[in-house]
Amino acid sequence: MSEVSATAFVERRNEARAAFARAWRLPVAAPTWEAAAIAVLIPMLLVAALWNGFPLMFYDTGAYIFQGFTGRFVPERSPVYSLFLWYAGAGVTIWSIAIVQAVITAFVVVETARAVAPHIALGTVLAIGGALTILTGLPWYVGEAEPDCFTALLVLSLYLLAFHSQTLGRWRALALFLIAVLSVGVHPSHLGLAAGLVILTALYTLFVRRPPWPRPKLLLPCASIVLSLTLTLGANFHYTRHIFISRAGGVFAMARMMQDGIVTKVLDETCAAKHFDLCPYRDTLPTRADQYLWGPKTPFNKLGRFTKTEKESDAIVRESLWRYPWLNLEMAAKDAVEQFVIFHTGDGIDPQQWIIGRDFRIFMPSQLPAYGIALQQKGGIPFRAINFLHLPVAWLGLVLLIAGFLFALGKSDCRTAVLFGFVLAALMGNAMICGVLSGPHARYQSRLIWTPILALALVGSSRLALRQE
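Worth saying up front: this structure is predicted, and the values here are computed from it rather than measured.

**Looking at the confidence of the model for the protein chain**
Alright, step 1. On average, the protein chain scores 91 in pLDDT, and the residues at 70 or more come to 94%.
Alright, step 2. Averaged pLDDT values for the elements of the protein chain fall to 56 in helix H1 (residues 3–24) and rise to 98 in helix H8 (residues 138–142).

**Structural notes on the pattern of salt bridges**
Alright, step 1. Applying the stated criterion to the full structure yields 16 salt bridges.
Alright, step 2. One salt bridge in this structure joins Asp60 and Arg77, with 2.9 Å as the shortest N-O distance. With Asp60 in the loop between helix H3 (47–52) and helix H4 (61–70) and Arg77 in the loop between H4 and helix H5 (79–87), the pair connects residues that are 17 residues apart, well separated along the chain. Arg77 carries the same exposure label as Asp60, and that label is buried.
Alright, step 3. We note a salt bridge from Lys334 to Asp335, for which the minimum N-O separation is 3.2 Å.
Alright, step 4. The class of Lys334 is partly exposed, set by a relative accessible area of 39%.

**Digging into the environment of Phe177**
Alright, step 1. Structurally, Phe177 can be placed in helix H11 (residues 170–185).
Alright, step 2. Phe177 sits in the buried class, given a relative accessible area of 12%.
Alright, step 3. Excluding anything up to four places from it in sequence, Phe177 contacts Leu161, Leu220, Ala223, Ser224 and Leu227.

**Details of the state of the cysteines**
Alright, step 1. Tallied over the entire structure, the rule returns 1 disulfide.
Alright, step 2. A sulfur-sulfur distance of 2.0 Å marks the disulfide that ties Cys271 to Cys279. Given an S-S torsion of about -95°, the disulfide between Cys271 and Cys279 has left-handed geometry. Take Cys271 and Cys279: they sit in the same class, and that class is buried.
Alright, step 3. Just so you know, Cys149 is unpaired, no disulfide at all, and the nearest cysteine sulfur is the one on Cys434, 15 Å from it.

The rules behind the values
- Residues numbered from 1 in each chain as written.
- Predicted model: local features only at pLDDT ≥ 70, side-chain atom pairs only at ≥ 80, totals over all residues.
- Heavy atoms only, no water.
- pLDDT = per-residue confidence, 0-100.
- Helix = DSSP H or I, 4+ residues; strand = E, 2+ residues; numbered from the N terminus.
- Salt bridge = Lys/Arg side-chain N within 4 Å of Asp/Glu carboxyl O.
- Buried < 20%, exposed > 50% of the residue type's maximum accessible area, 1.4 Å probe, protein only.
- Contact = heavy atoms within 4.5 Å.
- Disulfide = S-S within 2.5 Å.

Below, the structure written as structure tokens:
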């Protein structure tokens, strides 16, 4: 290489480095770079599905597909998410579901970044997005045909609507409002979580009345819950011509009580007088809720599953609460605590041919070949190695979130305390609702455990940006 060409090469390299440095510092507050951040985050969030070769499936996905494609009601699954699958184009390609979920998630993450760290740069947002993609289970839930990714979106959307609605602007606030409505509706547990967060925010306004503590706006969060409840009732009416929120809550709660040994005690004391249909099986009841609900030859199947055991399950739950209030409280607390601290990635992302393959053959046969050769169906996803990275990061994020919340309270760093407190309340509320009503499962908390990492990263980047100014 001649001296002239070597000099030109060095100049071009320096120019490229300078251009990259300028692009890294572009402000996401500007609409152009806001859109750029969203556009780049979308493929990042799809990396798990792309690696798998097909959107990820869960045991429940088949029921959502069946309900959405046949119009036949499935008591244990939200009809809102089934309708979402149908209208988002799952019949054409289930990739559309993963893509729509990635678009929504990218939008919420970027809007959270713009609100929490107003001076944040494009490069910082993309770096945080890359860290969440590699270090947390976020892309595994975004790329899955399952409503789990909406749990965190519900939390972040309600936070933004409550504490940042004035700075969002009309169209962003409207988009987040609609995302909150959908997020609440796609799973029954989300309604309880959303209501709890709004009630907690309302209580916060009663005790904190002056600056510098931020004053939330509750109109949009409350309206999103009301509209989502209407959506849920309407979807249930569409399928059944009856108005109700859920017909499976009592069954799930009873199965959890059975796992905790309470149902056996109730049956032993009441079968002589009550004559529950479950009484003949009280000496052979499964010891695990999942085994009772989903096992092939259980009393639950023999007695007619959700449809025919709904009323009896509700009656056993009421009887249990009346006879053993303190035991129920003790076991509920144990299950909530256990749920709070289990959050490994990949829970239930197993080969699914035996349970979902039939739905693909019937409703979307053209997608069956790609589904069948995906890495998931071959059992080739190394979740043990993935969790070797994800679990320490999740524990670190949780510990730092709690420490950061307490430190912010002590220093009267009000906005940081509100953000960290809101995320921590969501983690605790989710653990209580899911652990108590359905029993501890890692995916319930794993789908939300990436939010502390996001909150910590945004607060940290905001502090760093202010110091550099």
